[in-house]
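# Residue-level structure breakdown
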Amino acid sequence: MKKPVAVVLVSVFLLFCLPAAPYVGISQGPLSTSVEVGFLTRSLDQNLVVSLPLLGALDSGDDWYRYPGLSMNILYKGRLGSVVAVGVGPTLRMGWEYGEAISFQPGFALQLSLEAAGMMDILFCELAYIPKGWKLLQGTPSSALMEKSTGQFIRFGYRHAF
């Protein structure tokens with residue numbers, strides 16, 4: 001387990017060294033609100049997303065700050081016209097509950113975004129395929145909130161590039 005995670009983290013770090021435009025963003029999924037940072041070129045989009053299950057905690061009554069999540073995406077993009085871009089690539093979702101459990105879920109992401117030329121603002125919708133059979137869970141979580149938030153398959157958001 002340690003070797004594949006180390007390879008993914010080193011690969012992500014190396015891709016962060018590419019000459020590209022940095023961006024910050026915010027997004028919303030069915031259970032969590034996320035803040036993201038990343039780099040973007042005309043054909044590559046890489047980001048690191050930190051999520052807190054704010055909406056999920058409202059429904060379940062759990063404390064929202066106890067179940068943070070982290071995800072990393074590397075998307076290869078192609079343009080459909082001058083405004084629409086489609087990206088596809090691997091994703092790794094992680095969630096943890098301090099002292100109780102940690103979860104890793106790899107998968108694939110598909111992203112549809114509106115990226116007008118000359119504009120630094122991007123609207124996007126991201127869909128993910130995250131097979132439950134690929135999940136690695138260590139420990140026993142005290143709530144299902146952590147597993148649900150790492151298994152989210154849709155996000156809507158906004159990014160501002162610099």
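Notes on the structure in this doc start here. (Residues numbered from 1 in each chain as written. Predicted model: local features only at pLDDT ≥ 70, side-chain atom pairs only at ≥ 80, totals over all residues. Heavy atoms only, no water.)

## A short note on the packing of aromatic side chains
Keep this limit in mind: The aromatic pairing rule takes the rings of Phe, Tyr and Trp, using the six-membered ring of Trp, and pairs them if the centres are within 6.5 Å, calling planes under 30 degrees apart stacked, those over 60 edge-to-face and the rest tilted. Secondary structure is summarised from DSSP: a helix means a run of H or I of at least four residues, a strand means a run of E of at least two, and numbering begins at the N terminus for each. Type-normalised accessible area, obtained with a 1.4 Å probe on protein chains alone, sets the label of each residue: buried when under 20%, exposed when over 50%, and partly exposed for intermediate values. A ring is considered to have a charge above it if a Lys NZ or an Arg CZ atom is located within 6 Å of its centre and within 35 degrees of its normal.
For the structure on display, the rule yields one aromatic pair. A centroid spacing of 5.8 Å and a plane angle of 70 degrees characterise the contact between Phe-108 and Trp-134, whose relative ring orientation is edge-to-face. One end of the pair, Phe-108, is in strand E6 (residues 101-114); the other, Trp-134, is in the loop between strand E7 (121-129) and strand E8 (136-139), with 26 residues separating them in the sequence. With a relative accessible area of 44%, Phe-108 lands in the partly exposed category. In this structure Trp-134 comes out as partly exposed when scored by relative accessible area, which is 44%. Arg-159 extends its terminal NZ or CZ atom over the ring of Phe-124, reaching a point 3.9 Å from the ring centre.

## Focus: the nonpolar core
Proteins that are soluble and globular tend to have nonpolar side chains buried together. As a reminder, the rule being used: What makes a nonpolar core is a set of buried Ala, Val, Leu, Ile, Met, Phe, Trp, Tyr and Cys residues whose side-chain atoms join them at distances within 4.5 Å. Contact definition: two residues touch when any of their heavy atoms are within 4.5 Å.
Among the nonpolar cores identified, the biggest contains five residues, and these are Ala-57, Tyr-67, Ala-101, Leu-145 and Met-146. The residues touching Ala-57, leaving out its near neighbours within four places in the chain, are Asp-62, Asp-63, Trp-64 and Leu-145.

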